[in-house]
Amino acid sequence: MSLFKSQSEDRQDEEHERCLQANNNKFHGSSGYPKNTIKTSKYNVFNFLPLNLFEQFQRLANAYFLILLILQLIPQISSLAWYTTMVPLMVVLSVTAVKDAIDDLKRHQSDNQVNNRPVLLLVNGKMKKDKWMNVQVGDIIKLENNQPVTADILLLSSSESYSLTYIETADLDGETNLKVKQALSVTSDMEDHLELLSAFDGVVRCEAPNNKLDKFSGILTYKGKKYFLDHDNLLLRGCIIRNTDWCYGLVIYTGPDTKLMQNSGKSTFKRTQIDHLMNVLVLWIFLLLGIICFILAVGHGIWENKKGYHFQIFLPWEKYVSSSAVSAILIFWSYFIILNTMVPISLYVSVEIIRLGNSFYINWDRKMFYAPKNTPAQARTTTLNEELGQVKYVFSDKTGTLTQNIMIFNKCSINGKLYGDTCDKDGQRVTVSEKEKVDFSFNKLADPKFSFYDKTLVEAVKKGDHWVHLFFRSLSLCHTVMSEEKAEGMLVYQAQSPDEGALVTAARNFGFVFHSRTSETVTVVEMGKTRVYQLLSILDFNNVRKRMSVIVRTPEDRIMLICKGADTIICELLHPSCSSLNDVTMEHLNDYASEGLRTLMVAYRELDEAFFQDWSRRHSEACLSLENRESRLSNVYEEVEKDLMLLGATAIEDKLQDGVPETIITLNKAKIKLWVLTGDKQETAVNVAYSCKIFDDEMDEVFIVEGRDDETVWKELRTARDKMKPESLLDSDPINIYLTTKPKMPFEIPEEMANGNYGLIINGYSLAYALEGNLELELLRTACMCKGVICCRMTPLQKAQVVELMKKYKKVVILAIGDGANDVSMIKAAHIGVGISGHEGLQAMLNSDFAFSQFHCLRRLLLVHGRWSYNRMCKFLSYFFYKNFTFTLVHFWYAFFNGFSAQTVYETWFITCYNLVYTSLPVLGMSLFDQDVNDTWSLHFPELYEPGQDNLYFNKKEFVKCLMHGIYSSFVLFFVPMGTFYNTERNDGKDISNCQSFSLVVQTSLIWVVTMQIALRTTYWTIINHIFIWGSLGLYFCMSLFLYSDGLCLAFPDVFQFLGVVRNTLNQPQTLLSIILSVVLCMLPMIGYQFLKPLFWPISVDKVFDRIQACRLPQQTPAKTRLKQSSSRRSAYAFSHQHGFGALITSGKTMKSRMSKKNTLFQKGSNPHSLKPKMRFLWLEGCITILGKESSWVGLRKK
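Figured I'd write up the structure that's included with this text. The structure displayed is predicted, hence computed values, not measured ones.

### What about the overall build of the protein chain?
- Scanning the protein chain from terminus to terminus reveals 40 helices and 33 strands.
- Evaluated residue by residue, the protein chain yields a buried proportion of 57% over its 1199 residues.
- In the protein chain, once contacts between residues fewer than 6 apart in sequence are set aside, the share between residues at least 24 apart is 75%.

Below, the structure written as structure tokens:
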């Protein structure tokens, strides 16, 4: 993907303007425009082997073993056979290559699935079925309803009136509300006439490919005239055609040039912090190895000069050795080969096996399985498991990730009376599970999916309560929803925002059914009777007004203005006579807001004919004005939107995914900060932030950055930081001093703590300035001091830029989670990418490292699997380095007793089997099954997660400890047997002091020491651990008896040379004394350190372990947190962030002039033709997490 993308970018640097002609591939044949092929894979059949080997040898250890193999082929310096390195290296490279091939094969399959999608292509006057991959710039294609858009195309014509086309852009910006595109009138006349479309030869000049989703400019030259093009004429790849039978388009951008792919970011090979640390440590080991080899080579040179030179009659020099200096140089490389096990190749094989095993645990976790969609959690990569235990920041999308994007009409207040709360006979509130749904069978047009539980509201409707009828009549009229009757009685609504859909659906179920509309009428079925209202005007919504109104003429010839909007706005517009009703309603609204519900008010006003005619004239003048049109319209709207009579208020629940607030609270306890990066509007995002507990009413302040230039943004950020931490602005602040004295990039900004609890909100426009070089540090310092951050109205590329900014200046692990194609760039940029397999396609999941269906699974992914994986990997590395330092450095001490002659202490077969057989299974068993605490405690005490964030369990300091421990153990393992065997005899008087007996005792002591060490480090014992640990110890003795047996040694004397050593050595008391003494001396420091460390050098989690040991195992998961705990009111009027469909509706463009359908509701009179909207109800049921019986945790800590 990165190679593919870079080629596209190189070409774009040269392309400043794009020029193309319809139906003329020869016109741009030499332009080098790419085909519509998408390529995310890295390899093909021809480049796999060289490219994969090149990538693998970029790993220092692999390059090291390749050099070692070359050295072993030189007989003058090699004391080990070449195949001792060749075979393990081939195994490692092969295993990794197979894994990479399987991963890339999946990417190929995904690419092929997309590239081979069918599309209708106009060829020689006929529609031809072809594949996406064959579409080229300048082609004309046909798209049909519910089809994804193939490439970025210029809309030419459609089945709808005025060539309108309705699209859903969930994969681009995360919004599921409907958007409208329109073709130019000059091309819309071609309709679906193939001969006209084939003859179309318009030339388009437009901007070069870029990532700006909301901007496009170009000029169409056709028949000698020029027509201006903008983004309203462009259909982007990733959109879905809705409510449009067909449309034709001219392909402008293809493949990697499309705006979707321009925003998708580059694929990078992700490595964990442990991987980077291991590379550094491998360099350290190389340096240490070089120093040791140099010391031993110098020692050899001195020995040869003083003794070896005069000893040649017994140990003659080789012909190629002319002096002690030459001999020392050769011995340097000989020791380099012998001591190679300081970086054993089995380390990387073991790491891959451990990661693979921990990945299977994620795949098999039934508590992360989502039954309604039969979707398990997936570890789509096996290289990032331990980094899940080190996450400090989570960057999350909102729509479809935190929320289900389902709005539910929950409660309402009508004329001062509260509806929606249900109580039992004693006046106590009942839970939803205990409630009975209201029966709407009296209404044949009711939506069967709608649920309500307060029967008193239905009874009021049936009794004909005037205010209740007026309330629901207002909801059925005051909106811009479009309707389609697919079959008799089956209405489908398409709303600009889910809020509007929820309100109109509620009115529909309570007997006031919005049926259809034209540019001049709205038809409502009220309690079974059809009433047609004349639509006089729509006063549309925008973010400043935060309200919308309609003016209608009723069948009784009364003119009514109906207004709904944010309660903070409507309160200022009410008639003074509504003050008492307003006070009661405001109390209800406070209760709604405290429960995290989205609230708005509904009011009306009756207008007299003369006033309306006069106002209508001024309104027309304002509409036609060329200067200050928006402000003049706003003033005219205010003239009529006053002295309103209050009807009531509504409360809508923005349905969160199950367990989202609890998950975020738990993550906060684990000191994981959550930032929400969304393309949605500010009001919606902030309301969800409060509902999710990212923000709460106990915060000291929530700062809003909404500057429209860099100076204003800078001032707003500085003001926020001044309130959070005033001393951070002083020149004497340590971080300011650090930033002024620090050299150029890269450098790290230390963490700063605010003097309180704060939140930050910033929109995409302001963020564009804040991400510039001179403001990015200001943004980062301010945001990182906040408990939660909300970035709204963001483009997909901005999401990635925020992640990159954090990676640039903070040495922390970042996780990004999202569910749509607009989240792909963010997921790719983060250290860990998590995809939610939701309703916005599979793009996020296919580009993620881990995937599941519900946000609450993130808690278990991090606090359980992530923490376990990190702890296991740290234990593994500490033990692995220790056992190999201990094993290898014995040769260092031995060198002082053999004239630095590069002789090995151990027998050859022991060297071969030490890492592959004798010590491999115990460490794998610990690394795959060990648990310091079980999953219940991990979730119950999120504080246990903190050591991973600070990388306390394995770092450079811990590595030095392993090295020192290994040096000490190797010293003991050499000198204790040496002292024991020096000038000793067997029981029968024979001499025991020989190299083979000494070697066997050192080997046996080493195996016992490393076995007891891993037994001491294991905190969770299973039958598998017992088999691996004690079985490996038993296997050593069995293998020794076999390899040193008489039969084998006599049959192959050149290969097996330790004839009878086992039976002649291990039966001697001094041998047993030596082994026991070595084990005790090696174990005492470890036992003492584990006992004293919590007492003298405690870390934060030690107190948590004490609390766990002091309390009982919890019987159930923590109780759900109540959302109701706030006292302040928040309004969340969440209609479309842009101007609504008001102007479009009143213009009459929604009428199908060419393809009319008979309205089955009417026999005569008006014949309203609705669009064919299709409202998706995304019904996600939460996972039911059942706390099962857990395994014993008796191995919690060693006592």
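### Describing the nonpolar core
- Ranked by size, the top nonpolar core spans 97 residues in total, and within it Tyr335, Leu347, Phe876, Leu877, Phe881, Tyr906 and Phe910 carry the most contacts.
- In terms of residues, this core owes the most to one element, helix H28 (residues 857-895), which gives 17 residues.
- By size, the runner-up hydrophobic cluster in this structure holds 57 residues, among which are Ala446, Leu491, Phe541 and Ile1145.

### So, the sheet that holds strand E17 (residues 417-419)
- Spatially, E17-E16-E26-E25-E24-E23-E22-E21-E20 is the arrangement adopted by the nine strands of the open sheet, whose pairing is antiparallel. Across the chains shown, the open sheet's two edge strands, defined by having one partner strand only, are E17 and strand E20 (512-517). Strand-to-strand twist across the sheet, computed as the mean angle between neighbouring axes with direction ignored, equals 30°.
- Looking at chain direction, E20 and strand E21 (residues 521-526) are connected through five bridges and run antiparallel. Residue pairing for E21: Arg517 is matched across the bridge by Val522.
- Across the face of the sheet, helix H13 (residues 466-477) comes into contact with strand E16 (403-414), E17, E20, E21, strand E22 (529-539), strand E23 (547-553), strand E24 (559-565), strand E25 (598-607) and strand E26 (645-656) while running at roughly 60° to E26.

### Concerning the pattern of salt bridges
- For the structure on display, the rule yields 41 salt bridges.
- Of the charged contacts in the structure, one is a salt bridge between Asp935 and Lys367, with a shortest N-O distance of 3.5 Å. Pair noted here: Asp935 is in helix H31 (residues 935-940) and Lys367 is in the loop between helix H11 (346-364) and strand E14 (378-379), with a separation of 568 residues, a long-range link.
- Between Asp397 and Lys799 there is a salt bridge, and its shortest N-O distance comes to 3.4 Å. Residue Asp397 is found in the loop between strand E15 (391-396) and E16, and its partner Lys799 is found in helix H25 (residues 796-809); the two are separated by 402 residues along the sequence. Across this residue pair, the class does not change: Asp397 and Lys799 are buried.

### A closer look at a nonpolar patch on the surface
- A surface patch of nonpolar side chains, about 560 Å² in accessible area, is lined by Leu287, Ile291, Phe294, Ile295, Val298 and Ile302.
- Mapped onto the secondary structure, Ile291 falls in helix H9 (residues 273-306).

### Brief notes about the packing of aromatic side chains
- All chains considered together, the criterion is met by 56 aromatic pairs.
- Between the aromatic rings of Phe450 and Phe510, the centroid separation amounts to 6.1 Å while the plane-to-plane angle is 85°, which identifies the pairing as edge-to-face. Of the two residues, Phe450 is situated in the loop between E17 and helix H12 (455-463) and Phe510 in the loop between helix H14 (498-509) and E20; the sequence distance between them amounts to 60 residues. Here the two residues Phe450 and Phe510 agree in accessibility, since each one is buried.
- Relative to Phe971, the ring of Trp893 has its centre 5.3 Å away and its plane inclined at 85°; by these criteria the two rings are edge-to-face. In this pair, Trp893 sits in helix H28 while Phe971 sits in helix H33 (residues 956-981), placing the two residues 78 residues apart along the sequence.
- On the basis of relative accessibility, which here comes to 18%, the residue Trp893 falls in the buried class.
- Look at Phe971 and you get partly exposed, because its relative accessible area is 40%.
- An aromatic cluster is defined as three or more aromatic residues linked by ring pairs; in this entry it consists of Phe892, Trp893, Tyr894, Phe896, Phe897, Phe900, Phe971, Phe974, Phe975 and Phe998.
- One residue, Lys883, lies across the ring of Phe880, its end atom 4.2 Å from the ring centre.

Basis of the calculations
- Residues numbered from 1 in each chain as written.
- Predicted model: local features only at pLDDT ≥ 70, side-chain atom pairs only at ≥ 80, totals over all residues.
- Heavy atoms only, no water.
- Helix = DSSP H or I, 4+ residues; strand = E, 2+ residues; numbered from the N terminus.
- Buried < 20%, exposed > 50% of the residue type's maximum accessible area, 1.4 Å probe, protein only.
- Contact = heavy atoms within 4.5 Å.
- Core = buried A, V, L, I, M, F, W, Y, C linked by side-chain atoms within 4.5 Å.
- Pairing = 2+ DSSP bridges.
- Axes fitted to C-alpha atoms, helices over the stretch in contact; angles between N-to-C directions.
- Salt bridge = Lys/Arg side-chain N within 4 Å of Asp/Glu carboxyl O.
- Patch = residues over 30% accessible without salt bridge, like charges linked within 9 Å, V, L, I, M, F, W, Y side chains within 5 Å.
- Areas by Shrake-Rupley, 256 points an atom, 1.4 Å probe, with all protein chains shown as cover.
- Phe/Tyr/Trp six-rings, centres within 6.5 Å; stacked < 30°, edge-to-face > 60°.
- Lys NZ or Arg CZ within 6 Å of the ring centre and 35° of its normal.

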